[in-house]
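# Observations on the three-dimensional arrangement
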Amino acid sequence: MSCEEPTTSPTPENNITVVSSDGKEFLLDLKLTEQSETLARLISNFEYDRTDVKKDPVPLGNITSAQMQKIIEWLQHHRYYPKWEQNDIHYSTSFTFETWVEEYLNIPNNEMFELLNAANYLNIPRLFSTICRIMASRITGKSAEQIRTVLNIKTDVKNDVYTGIPIQEDSSSSEDGMSEISLSPSPPPI
Amino acid sequence: MDKFPILSLPAVPLRQVLGGLCPIDLFELLQCSSRTKEILKSFEKANKTFKVGVDFQRNWVEIKGVCKFYVKEEDNNMNKDKENKKRTFCDREVPISTDEAKATNTYWPAGEKLEGTMNVGQNFVKTLGVGQLDQILISAENPAAECLSWLENCNVRLENFNLVGAEPSHADKLATTIFSDDFLSKVSVNFTSLLEPSEGWRPINFSGDMPVNMFKIHLHHSQWFTGKQLMAMNCSSIILHHSALKNEDIKKYLEAWKSGAYPKFMYLSVHVNEANKLNFDSIVNGLTDDKPTVADNTTSVEFKREDGDSIEICLGNGGKHFTAFIN
């Protein structure tokens, strides 16, 4: 999809300030915030789209400045895209993305995980859905043993309830009590 | 390696990722570890998708709508196809190959097809955490007692139970096992038995005091089946062959239906044995005053009960075949 991207400069009338968890301020064009359902609802509730309303900075306690910078890049690229329509992705195993998206998401897995959480928090459906599809594509078509390898699922040994014979059981847990799973650093061809 | 703790995702993005997987991907992911099983089971899609069927006759285990695992014996021709892949089922690691979409061949040493089927079946009962098998089919060639013992060890209930037959020398012992209150209570949908116990065999643990709740029971050799056991059948469909039921047994069942019992009942078919013959008037006497009709050597009449349900009963084939069905 190709979109014209005219340059616009935020002015006090058409922007808000958001503050990342590490205290950095970002000036956001109201047009960009339309892609985030969280921000759009906040702006609507506080009537920040009116010129006569004082706009306090919006704290985003769950988003770091690096994540915010990355998200703004996404919002700016999709500024003039039509509103995202969620398709039924069930049972779809092959996805294609435009080159810009592939390059944008060619990032380490830990950044991808943080970006997905940020997209979920800010409720940016296009970004959220895109990352989820990429994650699904890294699992699909693999056997349990291949998924264990690719996702680096750690196991321990426990006796089988029927035979008494040792079987493999997952024992990995991170500090939050959840399994730590790693994906291979290079994404598969999309 | 960069970490992507996918199972640590909040519920919404995790559900979105899982939504992009087809059933076979979810099936494989579920088996990765007890942790993945625990987390994925909380998602409706994973819970609903997996039903396991075990066919001892054709030696396969089917994950319904997902894939099928065939149990084959190793031979010289299969080496080219194995692709050197292996998979562990319970404690046994065996070569596998995939020869078509959604079908996996598992190769077991000669003479171990039964053990292989049991291992593959038990593996998925355990890893998928199913408490009920969708289907089990046992043929006359299978050592049915071993299959039933395996089933008991798996500690699962059954939706569909099919026993095609058994070695005549084992038939009575097997009949005692499957025609028992305990075993019948494990089956919820269809119970089909072609088992032929000896003429004098009678069930020991099937009292007829406990209601049998399932959709359909189909017995190809039911000469031992009594009126009291018929009264215990809270089923939609009851089909009996070689039956020794008497007029009064069927009449008593119909009287109970007419008085409001058996709300699920839809169909009763009784084929009596050589020594037996049913009498239409004896069965319907007192149930209806309507005059029966005769067509094609079949006598039939229809009557209702208080809730408005209407039943048509027929006796044909010279008094050898009785049917009753709800209109």
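Residues numbered from 1 in each chain as written. Chains lettered and ligands numbered in written order. Predicted model: local features only at pLDDT ≥ 70, side-chain atom pairs only at ≥ 80, totals over all residues. Heavy atoms only, no water.

The number of helices and strands found in chain B is 11 helices and 16 strands. C-alpha extents for chain B along the principal axes are approximately 85 × 50 × 35 Å. Each of the 327 residues in chain B was classed as buried or not, and the buried ones make up 57%. A total accessible area of about 14,600 Å² is found for chain B, and carbon and sulfur atoms account for 46% of it. In chain B, which carries 37 positive and 43 negative side-chain charges, the distance between the mean positions of the two groups comes to 4 Å. (Helix = DSSP H or I, 4+ residues; strand = E, 2+ residues; numbered from the N terminus. Buried < 20%, exposed > 50% of the residue type's maximum accessible area, 1.4 Å probe, protein only. Areas by Shrake-Rupley, 256 points an atom, 1.4 Å probe, with all protein chains shown as cover. Lys, Arg positive; Asp, Glu negative; His and termini not counted. Charge placed at Lys NZ, Arg CZ, Asp CG, Glu CD.)

A few words now on the packing of helix α6 (residues 125-137) of chain A against helix α1 (residues 11-19) of chain B. In the contact formed by α6 of chain A and α1 of chain B, the axes pass within 8 Å of each other and the chain directions differ by 55°. Considering the angle they form, α6 of chain A stands oblique to α1 of chain B. By crossing handedness, the relation of α6 of chain A to α1 of chain B is classed as right-handed. Each of F128, S129, C132, M135 and A136 of chain A in α6 of chain A lies in contact with α1 of chain B, whose residues at this interface are V12, P13, Q16 and V17 of chain B. Here the residues of the contact of α6 of chain A with α1 of chain B are counted per class, giving 7 nonpolar, 2 polar and no charged. (Axes fitted to C-alpha atoms, helices over the stretch in contact; angles between N-to-C directions. Parallel < 35°, antiparallel > 145°, perpendicular 65-115°, else oblique. Left-handed = near helix turned anticlockwise from the far one by under 90°. Contact = heavy atoms within 4.5 Å. Nonpolar A, V, L, I, M, F, W, Y, C, P; charged D, E, K, R; others polar.)

Attention now goes to helix α5 (residues 109-122) of chain A. Taking 1.5 Å per residue, 14 residues should reach 20 Å; α5 of chain A reaches 20 Å between its end C-alpha atoms and fits that length. Looking only at α5 of chain A, the buried set comprises N109, M112, F113, L115, L116, A118, A119 and L122 of chain A. Where α5 of chain A is buried, its residues touch α2 (37-45), α3 (65-77), α4 (99-104) and α6 of chain A together with α1 of chain B. (Expected span 1.5 Å × (residues − 1).)

Once that is clear, we can look at the layout of surface pockets. In this structure, the second largest pocket encloses a volume near 490 Å³. Sorting elements by how many residues they give to the lining of the second largest pocket places helix α2 (residues 23-30) of chain B first, with 4 residues. (1 Å grid on protein atoms, 1.4 Å probe; cavity = no way out; pocket = protein on both sides within 12 Å on 5 of 7 lines; lining within 4 Å. Points joined across faces, edges and corners; volume = space filled by probe spheres on them.)

So, about the sheet that holds strand β3 (residues 58-59) of chain A. Residue and element names in this part refer to chain A. Strand order in this open sheet of 3 strands is β2-β1-β3, and the pairing throughout is mixed. Strand pairing shows two members of the sheet lacking a second neighbour, β2 (25-29) and β3, which therefore form its edges. As paired elements, strand β1 (residues 15-19) and β2 share 5 bridges and run antiparallel to each other. Note on β2: the bridge partner recorded for I16 is L28. On the sheet, α3 packs against β1 and β2 and is oriented at approximately 20° with respect to β2. (Pairing = 2+ DSSP bridges.)

In this section: the packing of aromatic side chains. Ring pairs (aromatic) are described by centroid distance and by the angle formed between their planes. Residue and element names in this part refer to chain B. What the rule picks out here adds up to 22 aromatic pairs over all chains. A centroid spacing of 6.0 Å and a plane angle of 80° characterise the contact between F89 and F124, whose relative ring orientation is edge-to-face. Linking F89 in strand β4 (residues 85-89) with F124 in helix α5 (residues 113-127), this pair joins segments that are 35 residues apart in sequence. We classify F89 as buried; its relative accessible area is 0%. Given the relative accessible area of 0%, F124 is considered buried. Put simply, the rings of F161, F179, F183, F191, W201, F206, W224 and F225 touch in pairs and so form one group of aromatic residues. (Phe/Tyr/Trp six-rings, centres within 6.5 Å; stacked < 30°, edge-to-face > 60°.)

This part takes up α2 of chain B. α2 of chain B sits mainly inside the fold: 7 of its 8 residues count as buried. If you check which residues of α2 of chain B are buried, you get P23, D25, L26, F27, E28, L29 and L30 of chain B.

As a further point, take the UniProt feature "domain: SKP1 component POZ" (unreviewed entry) in chain A. As recorded in UniProt, the sites labelled "domain: SKP1 component POZ" (unreviewed entry) are residues 15-79 of chain A. Here residues 15-79 of chain A is 40% helix and 18% strand, with 14 Å between the C-alpha atoms at its ends. (UniProt positions renumbered as here; feature names shortened; annotations may be inferred.)

Residues and elements named next belong to chain B. In the Ramachandran plot, N155 falls in the positive-phi region, its phi being about 55° despite a non-glycine side chain. Inspection of the secondary structure assignment puts N155 in the loop between α6 (144-154) and β8 (157-163). On the accessibility criterion, N155 (65% relative accessible area) is exposed. Notably, D296 is not glycine yet its phi reads approximately 50°, a positive angle.

Turning next to the packing of α3 of chain A against α5 of chain A. Residues and elements named next belong to chain A. Two elements in contact, α3 and α5, have axes whose closest approach is 10 Å; the angle formed by their N-to-C orientations is 70°. If you check the angle between α3 and α5, you find them roughly perpendicular. Across from Q67, K70 and I71 in α3, the residues of α5 making contact are E114, L115, A118 and L122. Tallied by class, the residues present in the contact of α3 with α5 amount to 4 nonpolar, 1 polar and 2 charged.

All names here are of chain B. Applying the stated criterion to the full structure yields 1 cavity of 30 Å³ or more. One number sums up the size of the largest cavity: a volume of about 40 Å³. D181, L184, S185, M210, P211 and V212 are the residues that line the largest cavity. For the lining of the largest cavity, a count of residues per class yields 4 nonpolar, 1 polar and 1 charged.

So, about the nonpolar core. Membership of the largest hydrophobic core comes to 139 residues, with the highest contact counts inside it found for F161, F191 and F322 of chain B. Viewed by domain, this core spans two of them, domain 1 (14-137) and domain 2 (142-184) of chain A, each represented by three or more residues. If sequence neighbours within four positions are ignored, F191 of chain B has contacts with F161, I178, F179, F183, L184, M214, K216, I217, H218 and L219 of chain B. (Core = buried A, V, L, I, M, F, W, Y, C linked by side-chain atoms within 4.5 Å. Domains from an automatic or database assignment.)

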